[in-house]
Amino acid sequence: MRNKILILFLLISFNLKGQDVSFSQFDLNMLYMNPALAGYEQNFRILTTRRNQWVGISEAFNSNVIEFNLTSNIKKRRISGGEINWTGGIYFIEDRANTVFKSYEIGLVPWTFHFQLPKSIYISMGLQNTLHFNTLDWNQLVFSDQINDYNNTVTSSNVALPAFYNQSSYLDPSFGFILTKHSALNKKSNNTSFIGFAWHHLYPPMQSFYNDQGEATTIPQKFTIHGQFIGSFNDVVTESFNFWKVSYKHTLQGSNSVQKDDIGLSLSFANNIQLEGGVFYRMSRQIKEGENKVSLMSESIIPLIRIRMGIGNNMGMELSYSYDYNISSLNNINSVATNEISLNLYYFSSKPTMCPAQGKWGNNRKWQNVMLNRKGYGMKHKKDRWIW
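In this text, all values refer to a predicted model and were calculated from it rather than measured experimentally. (Residues numbered from 1 in each chain as written. Predicted model: local features only at pLDDT ≥ 70, side-chain atom pairs only at ≥ 80, totals over all residues. Heavy atoms only, no water.)

1. Considerations on the packing of aromatic side chains
Remark: the centre distance and the inter-plane angle together describe each pair of aromatic rings, the angle taken between the planes.
Then, number 1: Within this structure, the stated rule accounts for 10 aromatic pairs.
Then, number 2: Measuring from centroid to centroid gives 6.0 Å for Tyr32 and Tyr91, while their planes differ by 85°, and the two rings are edge-to-face. On the criterion of sequence distance, the pair formed by Tyr32 in the loop between helix H1 (8-13) and strand E1 (44-53) and Tyr91 in strand E3 (residues 83-96) is long-range, its members being 59 residues apart. Neither residue differs from the other here; Tyr32 and Tyr91 are each classed as buried.
Then, number 3: With 6.4 Å between their ring centres and 20° between their planes, Phe197 and Phe223 make a pair best called stacked. (Phe/Tyr/Trp six-rings, centres within 6.5 Å; stacked < 30°, edge-to-face > 60°. Helix = DSSP H or I, 4+ residues; strand = E, 2+ residues; numbered from the N terminus. Buried < 20%, exposed > 50% of the residue type's maximum accessible area, 1.4 Å probe, protein only.)

Below, the structure is given as structure tokens:
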């Protein structure tokens, strides 16, 4: 008997509404989370992430994403002496729940504008349109009318397959907004904080292979609220740390679906290498139908390690790894592990440009120790080659 059994009504009605892919390293500020993050951190960035979830379960839950960011300054001294920055980006996501069903996304952010306002305030707004492709291997499915109660013989099915049973595709718009504030201490932006909001699936797309127009076959709208605070250490206090960071994300998808909260704390060390380490915590909550009581559940504790280094003239590389230790009822023994690794490449323009996340170039705490040869490491050769 084939090892894949799928109940027919699941294909027709999709009573279990799909949830979007979730990444543990949300502090990387991916386009997938909020289109207003296009070009938010630096001029040009290439980000790649692979998530291998629950490796102890026979089904393969793998997600891969790659994104590209572009930016250009279009106006100066337009809004109260500030600047307007245009950015855009594109990302690709491959999501596999098993060998039967595969999902692909192409997200295009045609524009995101970053407005520089007085008092070190920035406003970012972005629009995104995503093209989804879903594929299903019908040859691996066994329907209820193929199951024989007397022996293991599998007969042919009388189920009428949909007209386009190999693939379904649809467009899916999203919108995002971010408000950023830099503090002013001794005429330097030592602290950075932002809060963002993203509205995904503005017009809930249909995901039924049978072209079922019912509500149960649509992807529910998703609302994300996220924020981040980056604080600096005074050199008088310590020279061992570069900055500390607190990140938070709340996600709600569907009227009575599970809500998720992620919060994390990380420290960036500034000794021999640019190393960042931290830990995240994820919990879920749900209001059950017919009840006013909120059900809370701890999901996972996620340690994180990240390293930054220069790899050439005006280029930096960021490598990070996180491990999801499951503390939910699923138990870590069953799920074994969820591994997530990310490799990001940054290109820094030689000309100063507006950057909402870090403010002016001189205050870029993520990269200044690496690119500007501070703290005595990552020394730059006179021929613009990096020596370690």
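2. Quick word on empty space enclosed by the protein
Then, number 1: Overall, the coordinates contain four cavities of 30 Å³ or more when judged by the stated rule.
Then, number 2: Taken as a whole, the largest cavity holds about 90 Å³ of empty space.
Then, number 3: Taken together, 13 residues make up the lining of the largest cavity; nearest its centre are Asn29, Gln228, Ile230, Ala357 and Gln358.
Then, number 4: Of the residues assigned to the lining of the largest cavity, the class counts are four nonpolar, five polar and four charged.
Then, number 5: In this structure, the second largest cavity occupies an estimated 60 Å³ of space.
Then, number 6: In terms of lining, the second largest cavity is formed by Asp20, Tyr32, Tyr91, Glu105, Gln128, Thr130, His132, Asp172, Ser174, His200, His201 and Lys222.
Then, number 7: Looking at the lining of the second largest cavity, the elements with two or more residues in it are strand E5 (121-136) and strand E6 (167-182).
Then, number 8: In terms of residues, the lining of the second largest cavity owes the most to one element, E5, which gives three residues.
Then, number 9: Residues belonging to the lining of the second largest cavity are distributed by class as follows: two nonpolar, six polar and four charged. (1 Å grid on protein atoms, 1.4 Å probe; cavity = no way out; pocket = protein on both sides within 12 Å on 5 of 7 lines; lining within 4 Å. Points joined across faces, edges and corners; volume = space filled by probe spheres on them. Nonpolar A, V, L, I, M, F, W, Y, C, P; charged D, E, K, R; others polar.)

3. Describing the pattern of salt bridges
When charged atoms on two side chains of opposite charge get close, those side chains can pair.
Then, number 1: Enumeration over the complete set of coordinates arrives at 13 salt bridges.
Then, number 2: Between Lys245 and Asp27 there is a salt bridge, with the nearest N and O atoms lying 3.1 Å from each other. Taken together, the residues span a long stretch of sequence, with Lys245 in strand E9 (residues 241-253) and Asp27 in the loop between H1 and E1 at a distance of 218 residues. The residues Lys245 and Asp27 share a single accessibility class, namely buried.
Then, number 3: The partner of Glu67 in a salt bridge is Arg45, with the nearest N and O atoms 2.8 Å apart. Remark: Arg45 occurs in strand E1 and Glu67 occurs in strand E2 (residues 61-76); sequence separation between them is 22 residues. The residues Glu67 and Arg45 share a single accessibility class, namely buried.
Then, number 4: Among the ionic contacts, a cluster of salt bridges with common partners joins Asp27, Lys245, Glu276, Arg306, Arg308 and Glu318. (Salt bridge = Lys/Arg side-chain N within 4 Å of Asp/Glu carboxyl O.)

4. What about the pairing of strand E14 (residues 338-347)?
On a regular strand, each side chain points to the face opposite its neighbour's, so the side chains alternate between the two faces of the sheet.
Then, number 1: Burial along E14 is one-sided: Thr338, Glu340, Ser342, Asn344 and Tyr346 are buried, while Asn339, Ile341, Leu343, Leu345 and Tyr347, pointing the other way, are not.
Then, number 2: Relative to E14, E1 runs antiparallel, the two being bridged by nine bridges. By the bridge assignment, Thr49 is partnered in E14 with Ser342.
Then, number 3: The pairing of strand E13 (residues 315-326) with E14 spans 10 bridges and is classified as antiparallel. Along E14, the bridge assignment pairs Glu318 with Asn344. (Pairing = 2+ DSSP bridges.)

5. Here's the deal with the confidence of the model for the protein
Then, number 1: Averaged over every residue, the pLDDT of the protein is 77; the share at 70 or more is 72%.
Then, number 2: Element-level mean pLDDT values for the protein span from 35 in H1 up to 94 in strand E7 (residues 192-200).
Then, number 3: Per-residue pLDDT stays below 50 along residues 1-16; that stretch engages in 40 contacts with residues further than four places along the chain or on separate chains. (pLDDT = per-residue confidence, 0-100. Contact = heavy atoms within 4.5 Å.)

6. Focus on the environment of Ser298
Then, number 1: Structurally, Ser298 can be placed in strand E12 (residues 294-312).
Then, number 2: Overall, the relative accessible area of 29% leaves Ser298 in the partly exposed class.
Then, number 3: Counting along the chain gives 14 residues from Ser298 to Ser284, while the straight-line C-alpha distance between them is 6.4 Å.
Then, number 4: A distance of 2.6 Å separates polar atoms of two side chains, one belonging to Ser298 and the other to Tyr281. (Polar contact = N/O pair within 3.5 Å; in protein donor to acceptor, adjacent residues only side chain to side chain.)

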